[in-house]
Each structure stands twice: as structure tokens, then as C-alpha cells.
Amino acid sequence: MPATAPLDLEAIEADVRRWLERAVIGLNLCPFAKAVYVKQQVRIVISDASTERALLEQLGEELALLRDTPAETVDTTLLVHPLVLGDFLDYNDFLEDADALVEAMALDGVLQVASFHPDYRFADTGADDPGNLTNRAPWPILHPLREDSVERAVAAYPQPDAIIARNIATMRELGFEGVRALLSGESTH
């Protein structure tokens, strides 16, 4: 069996930061992301987990870190896991384990886990629906975040219920090629 190449941690983190800066923040997909990102309160962790069990253990560590760390220091985490759950259906099934872990750690109502994946697909949509791009990232990502941070941000944002519809409309307008060009730095004109 041939040896696998080591992870290029810097390249993976650069991909994630580019996606955050150009899509999530640049397109205002998450109107709350910019404030914590510019304050350097977003923790990006590149996991070397190669099994679901190891990833779940690492997720538990990140949940505990958020529980035990003031939001002013670390408000949220992006747990990027390039070696496991590359298949979206497996990833989607794993989200139940992530939610069960939050509950088992008695963090239900305190923390939640949002999800991003290169092949993200909402229920009742086709794989080619550009609306799915709202939750597509360059790598599979589990995103533990604080519920009180979400609640404060939503309370301060006019018409928070319109965010999802606006994001889907933005992605459908851009389309797959527009998003690819955005993330690669190419001109779309």
C-alpha cells in the first residue's frame, strides 16, 4: 500500500480563509461572521482525524474549548476534516452524532454545530441546484458556535428570516461558475 502524502495544512487553511473572506463575508452570506473574524475570534482547526470516532473525539475537544473559553477570546471554531467524511451522505449522517455529542456534554442550548461540505445538498434539491452553494465549502467543516452569540447577532440584524432566502438568491444568481471564479480570484466580467 503506497504511503499517503502528508496534509498540506497551510494550503487547506488558505482555502478555508479564502472561502470565508470572499464568500461567507464577501457575499455577506453570514452577516455575523465579519465581526468575529476581524477580531480574530474564529478558531480554524485542521483535523488529522481519519475515522469518524477520532473526528467525534476532536469535536468534543472543540466543544469543551468553546465551553471553557470566553467568547472574547474564541467565539467560534471551524473544524476542517479533510481525511474523513468526504462523502456527503456519510457526513450528513454524522451530523446526528455531532448533535448527540452536544447533548451528551450537556451543551444543548449553549452550543450548536453548523455544517459545510463541498457537496452540500439540502433536502428536496438536486445536486446541481446553485442554492446548495450557501453551505458548500472547499473542505468538509463542522462549525461549533455559541447559541448566545447567534441570538445576539440575530436580534441585532433587521429581518434575520430573510437571510436564507437572500443567500439562495445570491448563489443562484452567481451560479457554480461565478462562485468558482470568486474563490479562485478570477474576474467574472
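Preceding this section is the structure that the text describes.
Here the structure is a predicted model, which is why all the values come from computation and not from measurement.

### Some remarks on the sheet that holds strand β2 (residues 76-80)
Phase 1: Pairing in this open sheet of four strands is mixed, and the strands run β1-β2-β4-β3 from one edge to the other. With one partner strand each, in any of the chains shown, β1 (42-46) and β3 (111-116) form the two edges of the open sheet. Here the strands of the sheet are splayed against their neighbours by 20 degrees on average, with no regard to which way each runs.
Phase 2: Looking at chain direction, β2 and strand β4 (residues 141-146) are connected through three bridges and run antiparallel. Each residue of the ladder has a partner; that of T76, found in β4, is L145.
Phase 3: Along the sheet, helix α1 (residues 9-25) makes contact with β1, β2, β3 and β4, crossing β1 at roughly 140 degrees.
Phase 4: Contacts from helix α5 (residues 147-156) reach β3 and β4 within the one sheet, and its direction differs from that of β4 by about 75 degrees.

### Section: the side chain of H81
Phase 1: The residue H81 is located in the loop between β2 and α4 (88-104) in this model.
Phase 2: Within the structure, the side chain of H81 is placed 3.0 Å from the backbone oxygen of V84, a separation counted as a polar contact.
Phase 3: Contact partners of H81, with chain neighbours within four places excluded, come to S47, L55, Y91, P140, I141 and L142.

### Examining the pairing of β2
The side chains of a regular strand alternate between the sheet's two faces.
Phase 1: Of all five residues in β2, five are buried, a share of seventy percent or more.
Phase 2: Here β2 shows a buried face lined by T76, L78 and V80 and a second buried face lined by T77 and L79.
Phase 3: Relative to β2, β1 runs parallel, the two being bridged by five bridges. Looking at the pairing, I46 lines up with V80 of β2.
Phase 4: On the question of chirality, the crossover connecting β1 to the parallel β2 by way of helix α3 (residues 52-68) is right-handed.

### Details of a negative patch on the surface
Phase 1: A grouping of E52, D87, D90, D93, E96, D97, D99, E103, D108 and D119 is seen on the molecular surface, where their side chains present a negatively charged patch.
Phase 2: For the negative patch, the element with the most residues is α4, which contributes six residues.
Phase 3: You can see D87 is positioned in the loop between β2 and α4.

### Regarding the packing of aromatic side chains
Phase 1: By the definition in use, this model includes four aromatic pairs.
Phase 2: Measuring from ring centre to ring centre gives 5.2 Å for F88 and Y120, while their planes differ by 55 degrees; the resulting arrangement is tilted. One end of the pair, F88, is in helix α4; the other, Y120, is in the loop between β3 and β4, and 32 residues separate them in sequence.
Phase 3: We classify Y120 as buried; its relative accessible area is 11%.
Phase 4: An aromatic cluster of at least three residues, connected via ring pairs, comprises F88, Y91, Y120 and F122.

What counts and what doesn't
Note that residues are indexed from 1 along each chain, following the sequence as it is written. In keeping with the model being predicted, local features are shown solely for residues with a pLDDT of at least 70 and side-chain atom pairs are shown and tallied solely at 80 or more, while totals for entire chains, interfaces and linings include all residues. Where side-chain values are given, they derive from all heavy atoms of the structure, hydrogens and water being excluded. Between any two strands, at least two bridges found by DSSP are needed for them to pair. Secondary structure counts use DSSP, requiring at least four H or I residues in a row for a helix and at least two E residues in a row for a strand, with both numbered from the N terminus. Angles shown run from 0 to 180 degrees and are taken between the N-to-C directions of axes, each axis being a line fitted to C-alpha atoms and, for helices, limited to the stretch in contact. It only takes one pair of heavy atoms within 4.5 Å for two residues to be counted as in contact. The term polar contact refers here to a pair of N or O atoms within 3.5 Å; inside protein, the definition further demands a hydrogen-donor-capable atom paired with an acceptor-capable atom, and it admits residues adjacent in sequence only when both atoms are side-chain atoms. Residue burial is assigned from relative accessible area. The probe radius is 1.4 Å, only protein chains are included, and a residue is buried under 20% of its type maximum, exposed over 50%, and partly exposed in between. The path from the first strand over the helix to the second decides the hand: if it runs clockwise while the strands point away from the viewer, the crossover is right-handed. Each patch is built from salt-bridge-free residues with over 30% relative accessible area, joining like charges within 9 Å and nonpolar side chains (Val, Leu, Ile, Met, Phe, Trp, Tyr) within 5 Å. All accessible areas in this document rest on Shrake-Rupley with a 1.4 Å probe, and a residue is counted as covered only by the protein chains that are shown. Counted as salt bridges are all cases of a side-chain nitrogen of Lys or Arg within 4 Å of a carboxyl oxygen of Asp or Glu. Positive charge is attributed to Lys and Arg, negative charge to Asp and Glu, and no charge count is given to His or to the chain ends. Just so you know, the charge point we use is NZ for Lys, CZ for Arg, CG for Asp and CD for Glu. Pairing of aromatic rings covers Phe, Tyr and the six-membered ring of Trp, with a centre-to-centre limit of 6.5 Å; geometry is then stacked below 30 degrees between planes, edge-to-face above 60, and tilted otherwise.

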